[in-house]
Amino acid sequence: MQTKEPLAIVWLKRDLRLQDNEAIFNALNTGKKVLLLYVFEEFLIKDPHYDIRHWNFIKESIIDLNKELIQYNSKILAVNSEVAATINQLMQHYHIQDLFSHQETGLLCTYHRDQKITRYCHNNLINWTENIWNGVLRGVQNRRGWVGQWTAYMESPLIDFNPKNQLLTIKEIEHLETLFTVTDLSTPIITPIQKGGVTEALKYQNTFFKERYINYTKGISKPELAQESCSRLSPYLAWGNLSTRQVWHAAKNIRPLSKNKKDLDAFTSRLKWQAHFIQKFEMEHTMEDSSINKGYHMLKKSISVKYQKAWQTGQTGVPMIDACMRCLNETGYLNFRMRAMIVSFFTHLLWQPWQDCAVYLSKMFIDFEPGIHFAQVQMQAGETGINTLRIYNPVKNGYEFDTNANFIRKWVPELAHLQTKHIHEPYAMTPLEQNLFNIKLGVDYPEPIIDLKENRKRASKILWEMKNDPLVMQENDRILAKHTLNKSTLNIAG
DNA sequence: CGCAATTTCAG
DNA sequence: TGAAATTGC
């Protein structure tokens, strides 16, 4: 019987790139043949946090990687299966002792999956090496020295992709494909959602650092301008088409000659905040479905299917909210401030549990990043205890950040023909004005489903009172001790 | 990266 | 008197 050839497997999860990929680097370092593997896992595809838009993004990323891999006569093995079963199949043809992937700070379901893989690897004498993901540290108890370590990681050199002749050839992989249900990688050609893939990611990165970043701080809060002046790199960072380190280096490289250092620094400071939040999630994974501050577990809100549906579909009768929701549903993107506003509307003004909006938004955000998502939703919901309560006024935000109502005009076309002030507050129109301007509220566009003023008062009263609750206050101390960055190292603008 | 009511202050 | 700063929710 002939001996099987050794094979090192790179399990690509949310690190869908070849450059600066430590897992690939480590696999190549074994000197063995290397297989790049992506497993479309049924449990994850069915998970309520994910949407077809995410799976399309991943497929686009893989197709793009395959184009890059042609020059090495290789491709990615992409299968519909589960990880242990896949490795079992591969062991029929290869001697497998090495598995490489990044350390995933993910959902509870992927955490449990990884625990199973740990046992599987142990039982099958496989070494599973997980590399650090974008500077997020596993197993730390507090944040002493964290910023320094993170910065050092970002400033360390990028890892080159240099596979020589180690990657399995296309022919070898096509042979393996007969063992599996190979994933159909075809995706819709035209969608308003950002396309996945390193090639796309680099286009966004290049245009951002070439000129778009100049308006970064000016546009960041405005829903229309932000689409252009923000980097739009978030989906590529979330799915690992780019590493944070690559983006950090790109920013650093243009900084000396940049005339807009403030805008550039505002951007890189957000790269740091991104890591900060993911680190928090890594250290407090129960945040996915319960408030980090246990004092808020007693807060019970009654669920209104009607309110939630209206919010999801952009039919609340509050134009700025409806514009945001419809834009998000269609494009998968919304700027940060508007995300905060729709969460505040859902949790404060509709008085619905943050968990419900977290699930819906994770599906809609093409850049859904578990580590950021749950902490942000909880913070905006005002259930951390340590942050000031921020209840957004969607009308005020409309006047302030969509002054000419062009964003609303685009996404709520039934209002587009009205004067700007009527677009912001259609419910303030008299019956006479409605007649005159040819619109009937409740027919052409809904009346507001809630009383903005009254509901704001209710949320404010209850949540401010809860800040004095002994358990909330006790939890504040615990959270601050565990998650706050050391003051001397907080200079995040750096 | 809140909001709105209240107080202060310049002219 | 209205803008700017302060404060309490």
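Residues numbered from 1 in each chain as written. Chains lettered and ligands numbered in written order. Predicted model: local features only at pLDDT ≥ 70, side-chain atom pairs only at ≥ 80, totals over all residues. Heavy atoms only, no water.

If you check an unreviewed UniProt entry, chain A appears there as FAD-binding domain-containing protein from Wenyingzhuangia gilva.

1. Thoughts on the sheet that holds strand β5 (residues 127-131)
Quick note on the threshold: Strand pairing is defined by DSSP finding a minimum of two bridges between the two strands. Here a helix means four or more residues in a row that DSSP labels H or I, a strand means two or more in a row labelled E, and each is numbered from the N terminus. Inter-axis angles, ranging from 0 to 180 degrees, are taken between N-to-C directions of lines fitted to C-alpha atoms, where helices are fitted over the stretch in contact. Any two residues whose heavy atoms approach within 4.5 Å are treated as being in contact.
Pairing is parallel in the open sheet, where five strands are placed in the order β3-β2-β1-β4-β5. For this open sheet the edge positions go to β3 (77-81) and β5, each flanked by a neighbour on one side alone. Averaged over all neighbouring strand pairs, the angle between strand axes comes to 30 degrees, with direction disregarded. In terms of strand pairing, strand β4 (residues 94-102) meets β5 through five bridges, oriented parallel. Across the sheet, H102 pairs through a bridge with N131, a residue of β5. Here helix α1 (residues 22-29) sits on the sheet and contacts β1 (5-11), β2 (33-41), β4 and β5; the angle it forms with β4, its principal contact strand, is near 150 degrees. Helix-sheet contacts for helix α3 (residues 52-69) involve β2 and β3, and the interaxial angle to β2 is about 160 degrees.

2. Some words on the domain arrangement of chain A
Worth spelling out the cut-off: All domain edges in this entry derive from an automatic or database-based domain assignment. When two components associate, each loses some accessible surface as probed by a 1.4 Å sphere; the sum of these losses over both components is called the buried area. A carboxyl oxygen of Asp or Glu within 4 Å of a side-chain nitrogen of Lys or Arg is what we treat as a salt bridge. Polar contacts here mean pairs of N or O atoms no more than 3.5 Å apart (in protein, one a potential hydrogen donor and the other a potential acceptor; neighbouring residues in sequence count only if both atoms are side-chain atoms).
Split by domain assignment, chain A resolves into domain 1 (5-177), domain 2 (201-283) and domain 3 (294-483). Put simply, the middle of domain 2 and the middle of domain 3, counted by C-alpha atoms, are 25 Å apart. Residue-level contacts link 20 residues of domain 2 with 22 residues of domain 3. Of the roughly 2,000 Å² buried between domain 2 and domain 3 on both sides combined, carbon and sulfur atoms contribute 65%. Of all residues in domain 2, P223, F277 and K280 bury the most surface against domain 3, accounting for 27% of the area lost on that side. Taken together, the links from domain 2 to domain 3 amount to zero salt bridges. The interface formed by domain 2 and domain 3 includes five residue pairs in polar contact (both at pLDDT 80 or more).

3. A look at helix α6 (residues 146-155)
Which entries qualify depends on this criterion: The buried label applies to any residue whose accessible area, calculated with a 1.4 Å probe on protein chains only, is under 20% of its type's maximum; exposed applies above 50%, and partly exposed to all values in between. To obtain the arc, one takes the directions from the helix axis to the C-beta atoms.
Looking only at α6, the buried set comprises W146, V147, W150, T151, Y153 and M154. End-on view of α6: buried residues confined to an arc of 160 degrees, all on one side of the axis. The inward-facing, buried residues of α6 abut α1, α12 (244-254) and α13 (261-283).

4. Regarding the packing of helix α16 (residues 336-349) against helix α23 (residues 452-466)
Here is the rule we go by: In this scheme, roughly parallel covers angles under 35 degrees and roughly antiparallel covers those over 145, while 65 to 115 is roughly perpendicular and the rest are oblique. Throughout, the ten residues Ala, Val, Leu, Ile, Met, Phe, Trp, Tyr, Cys and Pro are labelled nonpolar, Asp, Glu, Lys and Arg are labelled charged, and all others, Gly among them, are labelled polar.
Running from N to C, α16 and α23 point in directions that differ by 80 degrees, and their axes come no closer than 9 Å. One element, α16, and the other, α23, form an angle in the roughly perpendicular class. Across the interface between the two elements, F345, H348 and L349 of α16 pack against L452, N455, R456, R458, A459 and L463 of α23. Tallied by class, the residues present in the contact of α16 with α23 amount to five nonpolar, two polar and two charged.

5. Describing the packing of aromatic side chains
The condition that has to hold: Pairing of aromatic side chains here covers Phe, Tyr and the six-membered ring of Trp, requires ring centres within 6.5 Å, and sorts the geometry by plane angle: under 30 degrees stacked, over 60 edge-to-face, intermediate tilted. Cation placement over rings: the criterion is NZ of Lys or CZ of Arg within 6 Å of the ring centroid and within 35° of the ring normal.
Following the criterion strictly, the structure yields 22 aromatic pairs and no others. Taking the centre distance of 6.2 Å and the plane angle of 70 degrees together, the rings of F208 and Y213 count as edge-to-face. There is no split in this pair, since F208 and Y213 are both buried. Judged by centre distance (4.4 Å) and plane angle (55 degrees), the rings of W311 and F346 are tilted. Of the two residues, W311 sits in helix α14 (residues 305-313) while F346 sits in helix α16, which places them 35 residues apart along the sequence. Given the relative accessible area of 0%, W311 is considered buried. On the basis of relative accessible area, F346 is assigned to the buried category, the value being 1%. Members of the aromatic cluster, connected to one another through ring pairs, are Y38, F40, Y50, W55, W239, F281, F368 and F374. The positively charged end of R245 is found above the aromatic ring belonging to Y153, 4.6 Å away from the centroid. A cation over a ring is seen here: K301 above W351, with NZ or CZ 4.4 Å from the ring centre.

6. Things to note about the protein's contact with DNA strand B
Threshold: Residues are classed as near a molecule or strand on a simple rule: at least one heavy atom within 4 Å of it.
What surrounds DNA strand B is the set F336, R337, L389, R390, I391, Y392, N393, K396, N397 and R456. Protein-adjacent atoms of DNA strand B, using a 4 Å cutoff, are sugar or phosphate at a proportion of 75%. In the environment of DNA strand B, a base oxygen lies 3.1 Å from a nitrogen or oxygen atom belonging to the side chain of R390. N397 places a polar side-chain atom, nitrogen or oxygen, 2.8 Å from a phosphate oxygen of DNA strand B. Taken together, the elements giving at least two residues each to the surface near DNA strand B come down to α16 and α19 (394-401). Here the surface near DNA strand B is built from residues that sort into four nonpolar, two polar and four charged.

7. Observations concerning the packing of helix α15 (residues 319-331) against α16
Definition in use: Crossing handedness is defined as follows: a turn of the near helix away from the far one that is anticlockwise and smaller than a right angle gives a left-handed crossing, while the clockwise case is right-handed.
Two elements in contact, α15 and α16, have axes separated by 10 Å at closest approach and are oriented at 115 degrees. Taken together, α15 and α16 sit at an angle that is classed as roughly perpendicular. Here the hand of the crossing between α15 and α16 comes out left-handed. Residues M320, I321, C324, M325 and L328 of α15 touch α16, and the partners they reach there are M338, M341, I342 and F345. Tallied by class, residues from the contact of α15 with α16 come to nine nonpolar, no polar and no charged.

8. What to know about the pattern of salt bridges
Counted by the stated rule, this structure contains 30 salt bridges. The salt bridge involving E104 is made with K13; its shortest N-O contact spans 3.3 Å. Of the two residues, E104 is situated in the loop between β4 and α5 (108-123) and K13 in the loop between β1 and α1; the sequence distance between them amounts to 91 residues. You'll find E104 and K13 in the same group, each marked buried.

9. Brief notes about the confidence of the model for chain A
Caution applies to low-pLDDT regions: their predicted coordinates should not be interpreted in detail. So the rule is basically this: The pLDDT value tells you how sure the predictor is about a given residue, anywhere from 0 up to 100.
Of the residues in chain A, 98% reach a pLDDT of 70 or more, and the chain-wide mean stands at 95. Here residues 487-494 is a poorly scored stretch, pLDDT under 50, and it has nine contacts once near neighbours within four places are set aside; other chains count.

10. As for the side chain of H54
Among the secondary structure elements, H54 is positioned in helix α3. A polar side-chain atom of H54 sits 3.4 Å from the main-chain carbonyl oxygen of S362. Sequence-distant contacts of H54, defined by excluding residues within four places in its chain, comprise H49, W239, S362, K363, F365, I366 and F368.

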